[in-house]
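# Survey of secondary and tertiary structure
So you can see what is in the structure, the chains are spelled out below.
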Amino acid sequence: MARSVFYSFHYQNDISRVMIVRNRWVTYGGQIVSGVIDHAEFEKIQRTGDRAIKNWIDTQLQKTSATVVLIGSETLKRPYVQYEICQSINKGNAIIGVYINNLRDLSGNTSVACNKHTCVGQFSNGNPIYFDEIATIYDYVHNNGYVNLGSWVETAVQTHS
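Residues numbered from 1 in each chain as written. Predicted model: local features only at pLDDT ≥ 70, side-chain atom pairs only at ≥ 80, totals over all residues. Heavy atoms only, no water.

## As for the overall build of the protein chain
Within the protein chain, the regular secondary structure consists of 6 helices and 7 strands. Moving toward the C terminus, one meets the helices and strands of the protein chain in the order β-α-β-α-α-β-α-β-β-β-α-β-α. Across the 161 residues in the protein chain, those meeting the buried criterion constitute 43%. Here the contacts in the protein chain between residues at least 6 apart in sequence split such that 75% fall between residues at least 24 apart. Within the structure as shown, the protein chain displays about 8,300 Å² of accessible surface, and the carbon and sulfur contribution to it stands at 49%. (Helix = DSSP H or I, 4+ residues; strand = E, 2+ residues; numbered from the N terminus. Buried < 20%, exposed > 50% of the residue type's maximum accessible area, 1.4 Å probe, protein only. Contact = heavy atoms within 4.5 Å. Areas by Shrake-Rupley, 256 points an atom, 1.4 Å probe, with all protein chains shown as cover.)

## Structural notes on the layout of surface pockets
The volume enclosed by the second largest pocket comes to roughly 200 Å³. Lining of the second largest pocket is provided by 14 residues; of these, Ala 94, Ile 95, Ile 134, Ala 156 and His 160 occupy positions nearest its centre. Sorting the residues of the lining of the second largest pocket by element identifies strand E4 (94-99), strand E7 (136-139) and helix H6 (145-160) as the ones contributing at least two each. With 5 residues, H6 is the largest single contributor of residues to the lining of the second largest pocket. Residues of the lining of the second largest pocket, tallied by class, amount to 9 nonpolar, 5 polar and no charged. (1 Å grid on protein atoms, 1.4 Å probe; cavity = no way out; pocket = protein on both sides within 12 Å on 5 of 7 lines; lining within 4 Å. Points joined across faces, edges and corners; volume = space filled by probe spheres on them. Nonpolar A, V, L, I, M, F, W, Y, C, P; charged D, E, K, R; others polar.)

## Comments concerning the environment of Thr 159
Mapped onto the secondary structure, Thr 159 falls in helix H6. As for Thr 159 and Ala 94, which are separated by 65 residues in sequence, their C-alpha atoms are 8.2 Å apart.

## Notes on the nonpolar core
Counting 21 residues, the largest nonpolar core has Leu 70, Ile 96, Val 98 and Leu 149 as its most contacted members. Put simply, the parts of the chain that give this core at least two residues each are strand E1 (3-8), helix H1 (11-28), strand E3 (66-71), E4 and H6. In terms of residues, this core owes the most to one element, H6, which gives 5 residues. Judged by nonpolar contacts, the second largest core, of 13 residues, contains Val 69, Leu 76, Cys 86 and Ile 95. (Core = buried A, V, L, I, M, F, W, Y, C linked by side-chain atoms within 4.5 Å.)

## Quick look at unusual backbone geometry
With phi around 50°, Asn 144 is a residue other than glycine that occupies positive phi space. Secondary-structure assignment places Asn 144 in the loop between E7 and H6.

## Here we look at the pattern of salt bridges
Scanning the entire structure with this criterion turns up 4 salt bridges. The partner of Arg 17 in a salt bridge is Asp 14, with the nearest N and O atoms 3.1 Å apart. Of this pair, Arg 17 and Asp 14 both sit in helix H1, 3 residues apart, which is roughly one turn of the helix. Judged by its relative accessible area of 2%, Arg 17 falls in the buried class. A relative accessible area of 1% means that Asp 14 is categorised as buried. Where Asp 50 meets Lys 54, a salt bridge forms, and the shortest distance between an N and an O atom there is 3.4 Å. On the criterion of helical spacing, the pair formed by Asp 50 and Lys 54 is a turn pair, its members being 4 residues apart in helix H3 (residues 50-61). (Salt bridge = Lys/Arg side-chain N within 4 Å of Asp/Glu carboxyl O.)

## Let's talk about the pairing of E3
Judged by how many residues are buried, E3 sits mostly within the fold: 6 of 6 residues are covered. Burial along E3 is two-sided: the face carrying Ala 66, Val 68 and Leu 70 and the face carrying Thr 67, Val 69 and Ile 71 are both buried. With 4 bridges connecting them, E1 and E3 associate as parallel partners. Following the sheet pairing, Tyr 7 is matched in E3 by Val 68. (Pairing = 2+ DSSP bridges.)

Structure (structure tokens):
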């Protein structure tokens, strides 16, 4: 079943890795992708301020059933990624994490993985939200994300329902 998926990631560090994952859907199919934006559009939104960025995120999340956090070296520390994760929780999206640090960037480099046990926000009761406690986490390279990403999303949505 095709799912509408929001991709959360650290734009500056990981966009070339993200495009590898995004382009997987072009050749392999199965998902409607939301939350991937080109650099010029991102900078245009960014210039309009924090509220505009959050409004864009909220709009992108509207028709999604899952959020895939593409994890590089700093992803879970980024304020907008944390906002996207918290909004996804509030919306009721299934959430998975996918390490992309082992994918090579345009310069041929990989990166270190961000700590999955990172506090990304707070629940309404004030308790911290640790990413690895709310999401199943995979590795795009080591767990064959090219083939398996669709089933990871589907399993997360089915389990979350």
